[in-house]
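Survey of secondary and tertiary structure
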Amino acid sequence: MGESMPGFGFEDMNEHPVIDARGHHCPIPSLRLRKALEGMAEGERITLLADDPMARVDVPHLLGQIGSVLVEVREDGAMLAFTVEKRARAATD
């Protein structure tokens, strides 16, 4: 975690944790992201690395359910990098 990814243009990766879920099929990347977000404070960011194409669907869906925000998606071939900011879940009436 927290390693720079040569050739991928992740100059800012050392600023926040990285979950490397490459090689795992969904829902594993989303489950790892959910677990990591549970232990984070509001406003903190994390990056999820995944190479399963279904992560393009699963990660935004998860974030919609839990109220966190997708800040950025980077793509290099089959590899995806999702930068996520933890947000408090909005209260519902």
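Everything below is about the structure printed above this text.
In what follows, the accompanying structure is described. It should be emphasised that the depicted structure is a prediction, and the values quoted were computed from it without experimental measurement.

1. Brief notes about the sheet that holds strand E3 (residues 69–76)
Read from one edge to the other, the open sheet built from 4 strands follows the order E1-E2-E4-E3, with strand pairing classed as mixed. Each edge of the open sheet is held by one strand with a lone partner, namely strand E1 (18–20) and E3. Pairwise comparison of adjacent strand axes, ignoring direction, gives a mean angle of 20 degrees for this sheet. Of the strand pairs in this sheet, E1 and strand E2 (residues 45–50) are connected by 3 bridges, and their pairing is parallel. When the sheet's bridge partners are listed, Ile19 is paired in E2 with Leu48. Each of E1, E2 and strand E4 (79–85) is contacted by helix H1 (residues 28–38), which is oriented at about 165 degrees to E2, the strand it contacts most. Along the sheet, helix H2 (residues 55–66) contacts E2, E3 and E4; its crossing angle with E4, the most-contacted strand, is approximately 5 degrees.

2. Things to note about the packing of H1 against H2
Interhelical geometry of H1 versus H2 gives an angle of 35 degrees and a closest axis separation of 10 Å. In this structure, the crossing between H1 and H2 has a hand that is right-handed. Facing Ser30, Leu33, Arg34 and Leu37 of H1, the residues of H2 in contact are Asp58, Val59, Leu62, Leu63, Gln65 and Ile66. Here the contact of H1 with H2 is composed, by residue class, of 6 nonpolar, 2 polar and 2 charged.

3. A short note on the pairing of E3
Alignment of E3 against E4, held across 7 bridges, turns out to be antiparallel. The residue bridging Val69 from the neighbouring strand is Glu85, located in E4. From the end of E3 to the start of E4, which pair antiparallel, there are 2 residues, and Gly77 there has a positive phi angle of about 65 degrees.

How each quantity is defined
Every chain's residues receive numbers from 1 upward, in the order its sequence appears when written. Only residues with pLDDT of 70 or above have their local features reported here, since the model is predicted, and side-chain atom pairs are shown and tallied only from 80 upward, although totals for entire chains, interfaces and linings are computed over all residues. Hydrogens and water molecules were not included; the side-chain quantities draw on all heavy atoms of the structure. Any two strands are treated as partners once DSSP identifies two or more bridges connecting them. Every helix listed is a DSSP run of H or I at least four residues long, and every strand listed is a run of E at least two residues long, numbered separately from the N terminus. Where helices are involved, their axes are fitted lines through C-alpha atoms of the stretch in contact, as for all axes, and angles between N-to-C directions lie from 0 to 180°. Contacts were defined at the residue level, with two residues in contact if any of their heavy atoms lie within 4.5 Å. Note: crossing handedness is left-handed where the near helix turns anticlockwise from the far helix by less than a right angle, and right-handed where it turns clockwise. For this classification, Asp, Glu, Lys and Arg are treated as charged, while Ala, Val, Leu, Ile, Met, Phe, Trp, Tyr, Cys and Pro are nonpolar and the rest, including Gly, are polar.

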